[in-house]
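Now for the letters of each chain:
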Amino acid sequence: MGHQVIIFDFSVIRGLWETRVKKNKERQRKEKERLEKSALERIKQEWTLILECRKKGIPQSKYLRNGFVDTSEKNLDTSGKNPQLQKRHALSDELNKERNKFIFRLSGEQWTELPDSLKEQIYLKEWHVNNTLIQTIPAYIALFRDLRVLELSKNQIHHLPAEIGCLKNLKVLNVSFNNLKSVPPELGDCENLEKLDLSGNMEITDLPFELSNLKQVTVVDVSANKFHSIPICVLRMSNLQCLDISSNNLKDLPEDIDRLDQLETLLLQKNKLTYLPRALVNMPKLSLLVVSGDDLVEVPTAICESTTGLKFVSLKNSPVETIVCEDTEEIIETEREREQVEKEFMKAYIEDLKERESTPSYTTKVLLSLQL
């Protein structure tokens, strides 16, 4: 038997989840403060130091005072007396320094453009540019032929340069929560790309057919945009395992969606689907299907009774503009901010769902909040 999870009110669940997380964090903070002030924590620290002494072969007599460990001593750093330990620490530090040489990081709203010095560091393998006011990516990005990760989330980027197609070794491209309205066809030349995240741009309506060349892609996230259908190029990504096209304007699914025979996770919630095609039953690896049940009038019986272990989640999403919970201090005001919060909620819920060996045949909003 397949597993069907029916969620009645998405916004209420999300509110309960946020409140639960907040209360849990507060409880952990108080518990941490209590332990720090307790004698038990002091004893635990002392025994930890004793065990460290024994493990490293350090005479305990050097660090014991009146039967207790002298935590003010700094002699536990014995790397100077232990050549092997010193060598191990030095090697680890060198490896970290060497790796960081190839990573560029930039964050903060004070940045409106990339620094000029960046163009001289063409040996970089990763860019991590987040939460800035940068609007464009310069054409000189074509010089970064060794780039593996291009992480550009939560900026103000309104277009990607055609030169991005020169990044033949690129594996991860994340341009989520920017202001993109389209994607350059040259992106299809990034033949080694494995993960593509375009979520939260709110305005993308289609993807160029040239992206059909991305045969190594396993994850595509185009949620929170304006797609009216699943792009043809996505249906030709033969290794695709996870597709998130939630929060769009889908009215139906293509009848040949089963050509995605490697797909394991399909997220369709917050669309305008009225039916699900029977072709979904023919997808051998599909293990998680999430939809919004508000407008659905037809669901193939075979989906609910699947013997493959498919977890079918039908969410009921109330059209709420703002969310106010009893213990929630912040009110989510903009659509993009709401989408970010909802993505975090869905990520937590789906991870919890995947970890369960079995799924209850019927789950209410109260039971779900307890399980999270």
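As the structure is a computational prediction, the values presented were derived from the model and not from experiment.

What counts and what doesn't
Residues numbered from 1 in each chain as written. Predicted model: local features only at pLDDT ≥ 70, side-chain atom pairs only at ≥ 80, totals over all residues. Heavy atoms only, no water. Helix = DSSP H or I, 4+ residues; strand = E, 2+ residues; numbered from the N terminus. Buried < 20%, exposed > 50% of the residue type's maximum accessible area, 1.4 Å probe, protein only. Contact = heavy atoms within 4.5 Å. Areas by Shrake-Rupley, 256 points an atom, 1.4 Å probe, with all protein chains shown as cover. Pairing = 2+ DSSP bridges. Phe/Tyr/Trp six-rings, centres within 6.5 Å; stacked < 30°, edge-to-face > 60°. Salt bridge = Lys/Arg side-chain N within 4 Å of Asp/Glu carboxyl O. Polar contact = N/O pair within 3.5 Å; in protein donor to acceptor, adjacent residues only side chain to side chain. pLDDT = per-residue confidence, 0-100.

Colleague: Give me the lowdown on the overall build of the chain, citing residues and values where you can.
Modeller: If you tally the helices and strands in the chain, you get seven helices and 13 strands. A burial count over the chain gives 43% of its 372 residues as buried. A separation threshold of at least 6 residues defines the contact pool for the chain, and within that pool the share at least 24 residues apart is 38%. For the chain, the accessible area works out to roughly 20600 Å², and carbon and sulfur atoms hold 49% of it.

Colleague: Give me the environment of Arg-278: which residues, what numbers.
Modeller: Mapped onto the elements of the fold, Arg-278 is located in the loop between β11 (265–267) and β12 (288–292). With a relative accessible area of 56%, Arg-278 lands in the exposed category. Note: C-alpha distance between Arg-278 and Glu-255 (23 residues apart in sequence) is 8.0 Å. Every residue in contact with Arg-278, bar those within four places of it in the chain, is listed here: Pro-300 and Ala-302.

Colleague: Let's hear about the pairing of strand β5 (residues 126–130): which residues, and what values?
Modeller: Taking burial as the measure, the five residues of β5 include five buried ones, the bulk of the element. What you see with β5 is no split at all: Glu-126, His-128 and Asn-130 on one side and Trp-127 and Val-129 on the other are buried throughout. In the sheet, strand β4 (residues 103–107) pairs with β5 via five bridges, with the strands oriented parallel. Bridging from a neighbouring strand, Arg-105 pairs with His-128 of β5.

Colleague: Explain the packing of aromatic side chains to me, and be specific about the residues and the numbers.
Modeller: For the structure shown, the criterion picks out four aromatic pairs. Between the aromatic rings of Phe-102 and Tyr-123, the centroid separation amounts to 6.1 Å while the plane-to-plane angle is 85°, which identifies the pairing as edge-to-face. With Phe-102 in the loop between α3 (83–100) and β4 and Tyr-123 in the loop between β4 and β5, this pair connects stretches of sequence that are 21 residues apart. Looking at Phe-102, the relative accessible area reads 24%, which means it is partly exposed. With a centroid separation of 5.1 Å and 80° between ring planes, the pair formed by Trp-127 and Phe-144 is classed as edge-to-face. One end of the pair, Trp-127, is in strand β5; the other, Phe-144, is in the loop between β5 and β6 (149–151), with 17 residues separating them in the sequence.

Colleague: Describe in detail the pairing of strand β13 (residues 311–315), supporting the description with residues and values.
Modeller: Most of β13 sits inside the fold, with five of its five residues counted as buried. Going residue by residue along β13, you find Lys-311, Val-313 and Leu-315 tucked away on one face and Phe-312 and Ser-314 tucked away on the opposite face as well.

Colleague: Outline the pattern of salt bridges, listing residues and values.
Modeller: What the rule picks out here adds up to eight salt bridges. For Lys-226, the salt bridge goes to Glu-203, with nearest N and O atoms at 3.5 Å. Taken together, the positions of Lys-226 in the loop between β9 (219–221) and α4 (232–235) and Glu-203 in the loop between β8 (195–197) and β9 put the pair 23 residues apart, joining distant regions of the chain. Between Lys-343 and Asp-244 there is a salt bridge, with its nearest N and O atoms 3.3 Å apart. With a gap of 99 residues between them, Lys-343 in helix α6 (residues 335–355) and Asp-244 in strand β10 (residues 242–244) connect regions that are remote in the sequence. Note on Asp-244: relative accessible area 8%, which makes it buried. One connected set of salt bridges, linked through shared partners, spans Asp-221, Asp-244 and Lys-343.

Colleague: Which residues make up the environment of Met-202, and what values do they have?
Modeller: Relative to the helices and strands, Met-202 resides in the loop between β8 and β9. Residue class for Met-202 comes out buried when judged on its relative accessible area of 13%. The spacing of Met-202 and Val-222 is 20 residues in sequence and 9.4 Å in space, taken between C-alpha atoms. Not counting residues within four places of it along the chain, the set of residues in contact with Met-202 comprises Ala-224, Asn-225, Lys-226, Glu-335, Arg-336 and Glu-339.

Colleague: So, unusual backbone geometry: which residues are in play, and what are the values?
Modeller: Among all residues except glycine, the phi angle is most often negative; among peptide bonds, the trans geometry is most common. Positive phi values are uncommon outside glycine, yet Asn-131 reaches one of about 55°. Its place among the elements puts Asn-131 in the loop between β5 and β6. Assessed through its relative accessible area of 41%, Asn-131 is described here as partly exposed. For Met-202, which is not glycine, the phi torsion reads 70° and is therefore positive.

Colleague: Go over the side chain of Ser-153 with me, naming the residues and quoting the values.
Modeller: Assignment of secondary structure puts Ser-153 in the loop between β6 and β7 (172–174). Among the polar contacts listed, one links the side chain of Ser-153 to the side chain of Asn-130, at a separation of 2.9 Å. Dropping the residues within four chain positions of it, Ser-153 is found in contact with Val-129, Asn-130, Asn-131, Asn-174, Ser-176 and Asn-178.

Colleague: Mind laying out the confidence of the model for the chain, listing which residues take part and the relevant values?
Modeller: Here the chain averages 80 in pLDDT, and 69% of its residues register 70 or above. Contacts from residues 64–79, a stretch scored under 50 in pLDDT, to residues over four places away or in other chains number 27 contacts. In this model, residues 359–372 is a region of pLDDT below 50 whose contacts with residues beyond four sequence positions or in other chains number 34 contacts.

Colleague: Give a description of the environment of Leu-160 that names residues and reports values.
Modeller: Tracing the sequence through the fold places Leu-160 in the loop between β6 and β7. Here Leu-160 falls in the buried class, since its relative accessible area comes to 7%. Along the backbone, Leu-160 and Pro-138 are 22 residues apart, and their C-alpha atoms lie at a distance of 8.6 Å. Excluding residues that lie within four positions of it along the chain, Leu-160 makes contacts with Leu-173, Val-175, Leu-180 and Pro-184.

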